[in-house]
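# Tertiary structure, described
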Amino acid sequence: MTRRLLRAGAALGLTAAFLGATAAPAAADPQLMGRCTTTSGVVLAVDFSHWGGPIYRSCGTTPTTGYELLNQGGWSTTGTGHDGPAFICRIGYSGHQNGKQYPTAAQDACVLTPPASAYWSYWHADPGAKDWSYSQLGAMLYKPKPGSVDLWIFGATNAEGTEGRPRVTADQLRAHNTRPQGDAGKPDSTDKASPLPPDVDTGPAPEQPTTKPPKTTSPEPKPKKTKSSVSPSPATSPSKTSSAVAAPRSTPSVVDAAPAADAKHDTGSITPVVIGAALVALIGGAAVFVARRRRRAE
Amino acid sequence: MTAVDRTTVQASATGPDPSPDVGGRRLPRALHPMAWWVWALALATAVSRTDNPLLLFLVLAVLGYVVTARRTEAPWARGFKYYLYLALTVVVIRVVFRAVFATGITSRDHFLFSLPHIPTPDWYAGIKIGGPVSLEALLSAATDGLRLACMLCCIGAANTLANPKRALRVLPGALYELGVAVTVAISVAPQLVQSVQRVVRARKLRAGKAQGMQALRGIVVPVLEDALERSLRLAAAMDSRGYGRAGRATRRSRHITGALMLLGMCGLCAGAYGLLDATAPAFLGLPAMGLGALLCVAGLHLGGRRVTRTAYRPDPWRLPEWAVAGVGVLSAVLLLANLGYDPAQLNPTFYPLTWPALPLVPTAAILLAGTAGFLAPPPSPAQRADAP
């Protein structure tokens, strides 16, 4: 019943959409981690260490946006009530804690814009870049370059960019293989992403790397397993720019996140809505009754 | 009949006809205005906690019921519907802004329609104007607006239910003259409406036939004259009651009062900033707030000494006042305590579309606040409309 209603609503919305638009939206392709190379695909890394989890990384095709990367292959986000879905307030991965999104509702209600002391900050590392750069665009506007790394970390940052920098280096997360590996049946991840909905402004196009491709690192073979825990050597200094105070905790482990099915979405039950509407009608009816009675008494 | 009539005797319990209320055994009387304000502000605090449309509509229904059941017949008690119009405006503005300044559409959204898109230059990429609009965006904007609308209606209910002229007496002495000015200002609109009604009625009785602009002239002139006469009368009444006299205050004590108040306000502002911004240094938070409050209280106390007032018939604070203020505060505490329900249910998300839940404890808390409609004594039976 519920589902039918929802579906009807969706159909209505889609029909209306088709009046003004022609193409339905679709997301870009999630890929196995081995399909990302130094020059193609984008590595998405999300740091759950704030809640005792690992850093997950997965691979997506280009062209894409930071938002699309975070909403495919089992990843999902929640925006805020105030800013809409474009402000990434919660991130979840269906392979981690059954797709539970962090921070939880008890930690942040995601109604207003989260404070600068506890939010998901967005960092990029272009191909060959040693250092992280704080994203100057929102997730829906930024288009990652092929071969780059997108990192989301949770915590506090300051305006100068000296606090709250990632504790992992870009080299610990980026793809090091020059050729796509694993699942050889598939073509290279250069295929175009499905078209976006009409009139969607995804911001300025990313600059194409004008410099020559970054020098290829030694093609060390990566493990074929899709979900292998690559423990980075903790001896490597986190980052030369990270402030000295940020070091005490050890860097979390990095886990490759395979494309997974989306966490099942429960549309909920219509019963509470019916009960709520009945309550409102009851109290409203009482108000009308009292108003009539007072008018008669006058 | 003056706005500053502090010694008015309320015509309570003298009405010849029985109270039109169900629980009519209680003597009709006006509830202490502060009780209504505490109730309404507590409910507004509770509303600020939730984004759940079911709970918000429930709050609106409860407000509507309490206002219809317990408002008096005074001019200010008929304004609740204007607050409802204002609330509707807030929701509409929120939805329109969300549609025009699209905050982005995701691939999983349900498209509704597309607005013409105005491209912005690259250096201005953060803001988009126009573009596709989704059902999810409109729904979440509407709920967000509804929350603010509910808070507005809470304030509106307090304004409707509480007698502003009697609320004035609760103000600290130092703010008394400010309060008088505010009261005079807010009672202008209802008095003008009354004037217009009276003049129109008089014209009808005299079988005035003029229509349109000519009739307007016949109405405006008497109304203006009436307003002038009224303000002259008010000024005379205020003068005879010693409004504006400095009392025994010396120039020095007035300066000290001013300095204390100014410093106190600065402290309160710094404290609020320190509490809201998590990155602010610790001494800016509670300590600054406490110091500011202390300075303000001292300033008010010092300033209050120059205005000495006596209450001829003080508003009583009895069991119904405790009960009404209590249920309001209790509902706010229940919604802020996070007990017995999932906090996610207070702020349901529409991405992806989900039916909102109706958590039991918050629902019960809002219904509890609604019992103010029974707990407050019935309002005094219809008085003359211009009675204070």
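Keep in mind that what you see is a predicted model, and the values were worked out from it rather than measured.

Next up on the list: the packing of helix α1 (residues 33-47) of chain B against helix α11 (residues 319-337) of chain B. Residues and elements named next belong to chain B. Closest axis-to-axis distance for the α1/α11 pair is 8 Å, and the angle between their directions is 10°. By the angle class used here, α1 and α11 are roughly parallel. Two secondary-structure elements touch here, α1 through Ala 35, Trp 36, Val 38, Trp 39, Ala 42, Leu 43, Thr 45 and Ala 46 and α11 through Glu 321, Val 324, Ala 325, Val 327, Gly 328, Val 329, Ser 331, Ala 332, Leu 335 and Leu 336. For the contact of α1 with α11, the class distribution of residues is 14 nonpolar, three polar and one charged.

This part covers the UniProt feature "transmembrane region" (unreviewed entry) in chain B. All names here are of chain B. The sites that UniProt annotates as "transmembrane region" (unreviewed entry) are residues 30-48, 54-70, 82-105, 174-193, 255-276, 282-302, 322-341 and 353-376. Note that residues 30-48 is 79% helix and 0% strand, and that its end C-alpha atoms are spaced 28 Å apart. A distance of 32 Å separates the end C-alpha atoms of residues 255-276, which is 100% helix and 0% strand.

Once that is clear, we can look at helix α10 (residues 286-304) of chain B. Residues and elements named next belong to chain B. A rise of 1.5 Å per residue sets the reference length of α10, with its 19 residues, at 27 Å; its end C-alpha atoms lie 26 Å apart and thus fit the reference within 8%. By the burial criterion, the buried members of α10 are Ala 288, Gly 292, Cys 296, Gly 299, Gly 303 and Gly 304. Looking straight down α10, one finds its buried side chains confined to an arc of 125°; they lie on one side. Relative to its buried face, α10 has exposed residues pointing more than 90 degrees away, namely Leu 286, Leu 291, Leu 294, Val 297 and His 301.

Moving on: the packing of aromatic side chains. Summed over the entire model, instances satisfying the criterion amount to 19 aromatic pairs over all chains. For the ring pair A:Trp51 and A:Trp120, a centre distance of 5.6 Å and an interplane angle of 40° mean the geometry is tilted. A residue pair is termed long-range when its members are at least 10 positions apart, and A:Trp51 in the loop between β2 (42-47) and β3 (55-60) and A:Trp120 in strand β7 (residues 119-125) qualify at 69 residues. In this structure A:Trp120 comes out as buried when scored by relative accessible area, which is 4%. With centroids separated by 5.7 Å and ring planes inclined at 40°, the aromatic side chains of B:Phe97 and B:Phe101 adopt a geometry described as tilted. Owing to a relative accessible area of 48%, B:Phe97 belongs among the partly exposed residues under this scheme. Under the relative-accessibility criterion, B:Phe101 is labelled partly exposed at 37%.

Take the pattern of salt bridges next. Pairing between side chains of opposite charge can happen when their charged atoms approach one another. In total, this model carries 14 salt bridges over all chains according to the counting rule given. One salt bridge connects A:Arg174 with A:Asp171, and the closest N-O pair in it is separated by 3.2 Å. Looking at A:Asp171, the relative accessible area reads 32%, which means it is partly exposed. In this structure, B:Glu73 engages B:Arg71 in a salt bridge whose closest nitrogen and oxygen atoms are separated by 4.0 Å.

Before going further, it helps to spend a moment on the nonpolar core. The biggest cluster of nonpolar side chains holds 52 residues, and the ones touching the most others in it are B:Trp36, B:Trp39 and B:Leu63. Broken down by secondary-structure element, the contributors of at least two residues to this core are α4 (271-297) of chain A together with α1, α2 (53-70), α3 (80-100), α4 (135-161), α11 and α13 (360-370) of chain B. For this core, the leading source of residues is α2(B), giving twelve residues. Leaving out residues up to four positions away in the same chain, B:Leu63 has contacts with B:Trp39, B:Leu43, B:Phe80, B:Cys150, B:Cys153, B:Cys154 and B:Ala157. Counting residues in each nonpolar core, the second largest holds 22 residues, with A:Val42, A:Val46, A:Phe48 and A:Tyr142 among its members.

What counts as what
Residues numbered from 1 in each chain as written. Chains lettered and ligands numbered in written order. Predicted model: local features only at pLDDT ≥ 70, side-chain atom pairs only at ≥ 80, totals over all residues. Heavy atoms only, no water. Axes fitted to C-alpha atoms, helices over the stretch in contact; angles between N-to-C directions. Helix = DSSP H or I, 4+ residues; strand = E, 2+ residues; numbered from the N terminus. Parallel < 35°, antiparallel > 145°, perpendicular 65-115°, else oblique. Contact = heavy atoms within 4.5 Å. Nonpolar A, V, L, I, M, F, W, Y, C, P; charged D, E, K, R; others polar. UniProt positions renumbered as here; feature names shortened; annotations may be inferred. Expected span 1.5 Å × (residues − 1). Buried < 20%, exposed > 50% of the residue type's maximum accessible area, 1.4 Å probe, protein only. Arc of directions from axis to C-beta. Phe/Tyr/Trp six-rings, centres within 6.5 Å; stacked < 30°, edge-to-face > 60°. Salt bridge = Lys/Arg side-chain N within 4 Å of Asp/Glu carboxyl O. Core = buried A, V, L, I, M, F, W, Y, C linked by side-chain atoms within 4.5 Å.

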